[in-house]
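One letter stands for each residue in the lines below.
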Amino acid sequence: MIRPGSIARFAIMPDWVADLPEESRRVFEFCFGRTYLVEELDANGLCVLDVSADIDHRFGGFMNEIHLEPEFLQEVHIGK
């Protein structure tokens, strides 16, 4: 179960990304397939992913994040 503190891979591209403005679409496309920390669940139950390490220097901004439904993510289990 994905929850705050989980590591998750952005595994499935949502259909609604195609309707976003071009710059936002490019961010989601860049993040697709990558692994991120789930910082929190927002008020709508969406997973908030900290993508700033990949996105800030490439696309601008500061402390960028994306919000995704849990069904588009795959939890990654880190072995010891």
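Residues numbered from 1 in each chain as written. Predicted model: local features only at pLDDT ≥ 70, side-chain atom pairs only at ≥ 80, totals over all residues. Heavy atoms only, no water.

So, on to the sheet that holds strand E1 (residues 7–10). To summarise the sheet geometry, strands pair through backbone hydrogen bonds and adopt either a parallel or an antiparallel arrangement. Read from one edge to the other, the open sheet built from 5 strands follows the order E4-E3-E2-E1-E5, with strand pairing classed as antiparallel. Two strands lie at the open edges of the sheet, namely strand E4 (65–68) and strand E5 (73–76), each paired on one side alone. Across the sheet, the mean angle from the axis of one strand to that of its neighbour is 45 degrees, orientation sign disregarded. Note that strand E2 (residues 35–41) and strand E3 (residues 47–50) share 3 bridges and pair antiparallel. (Pairing = 2+ DSSP bridges. Helix = DSSP H or I, 4+ residues; strand = E, 2+ residues; numbered from the N terminus. Axes fitted to C-alpha atoms, helices over the stretch in contact; angles between N-to-C directions.)

Ranked by size, the top nonpolar core spans 18 residues in total, and within it Phe 10, Cys 31, Leu 49, Val 51, Ile 66, Leu 68 and Leu 73 carry the most contacts. Broken down by element, the residue count for this core peaks at 3 residues, all from helix H1 (residues 22–31). Residues within four places of Val 51 in sequence aside, it is in contact with Cys 31, Tyr 36, Asn 64, Glu 65 and Ile 66. (Core = buried A, V, L, I, M, F, W, Y, C linked by side-chain atoms within 4.5 Å. Buried < 20%, exposed > 50% of the residue type's maximum accessible area, 1.4 Å probe, protein only. Contact = heavy atoms within 4.5 Å.)

How two aromatic rings sit relative to each other is set out by the distance from centre to centre and by the angle between their planes. Following the criterion strictly, the structure yields 3 aromatic pairs and no others. Geometrically, the ring pair formed by Trp 16 and Phe 28 is edge-to-face, given 5.5 Å between the ring centres and 80 degrees between the ring planes. With Trp 16 in the loop between E1 and H1 and Phe 28 in helix H1, this pair connects stretches of sequence that are 12 residues apart. Aromatic ring contacts, followed pair by pair, group Phe 10, Trp 16, Phe 28 and Phe 32 into a single cluster. (Phe/Tyr/Trp six-rings, centres within 6.5 Å; stacked < 30°, edge-to-face > 60°.)

With respect to the helices and strands, the residue Ser 6 is situated in the segment before E1. A distance of 3.3 Å separates a polar atom in the side chain of Ser 6 from a polar atom in the side chain of Glu 75. Every residue in contact with Ser 6, bar those within four places of it in the chain, is listed here: Met 1, Tyr 36, Leu 37, Val 38 and Glu 75. (Polar contact = N/O pair within 3.5 Å; in protein donor to acceptor, adjacent residues only side chain to side chain.)

With that settled, consider the packing of H1 against helix H2 (residues 52–59). Axis separation between H1 and H2 bottoms out at 11 Å; the angle between their running directions is 140 degrees. Here H1 lies oblique to H2, going by the angle between them. The handedness of the crossing between H1 and H2 comes out as right-handed. For the pair formed by H1 and H2, the contact residues are Glu 23, Arg 26, Val 27, Phe 30 and Cys 31 on the first element and Asp 54, Ile 55, Arg 58 and Phe 59 on the second. Counted by class, the contact of H1 with H2 contains 5 nonpolar, no polar and 4 charged residues. (Parallel < 35°, antiparallel > 145°, perpendicular 65-115°, else oblique. Left-handed = near helix turned anticlockwise from the far one by under 90°. Nonpolar A, V, L, I, M, F, W, Y, C, P; charged D, E, K, R; others polar.)

Further remarks concern the pattern of salt bridges. Throughout the structure, instances matching the rule amount to 1 salt bridge. Notably, a salt bridge pairs Arg 34 with Asp 54, separated by 3.9 Å at the nearest N-O pair. In this pair, Arg 34 sits in the loop between H1 and E2 while Asp 54 sits in helix H2, placing the two residues 20 residues apart along the sequence. Judged by its relative accessible area of 32%, Arg 34 is partly exposed. For Asp 54, a relative accessible area of 17% corresponds to the buried category. (Salt bridge = Lys/Arg side-chain N within 4 Å of Asp/Glu carboxyl O.)

In short, the description is geometric, and any link to function would need to be established separately.
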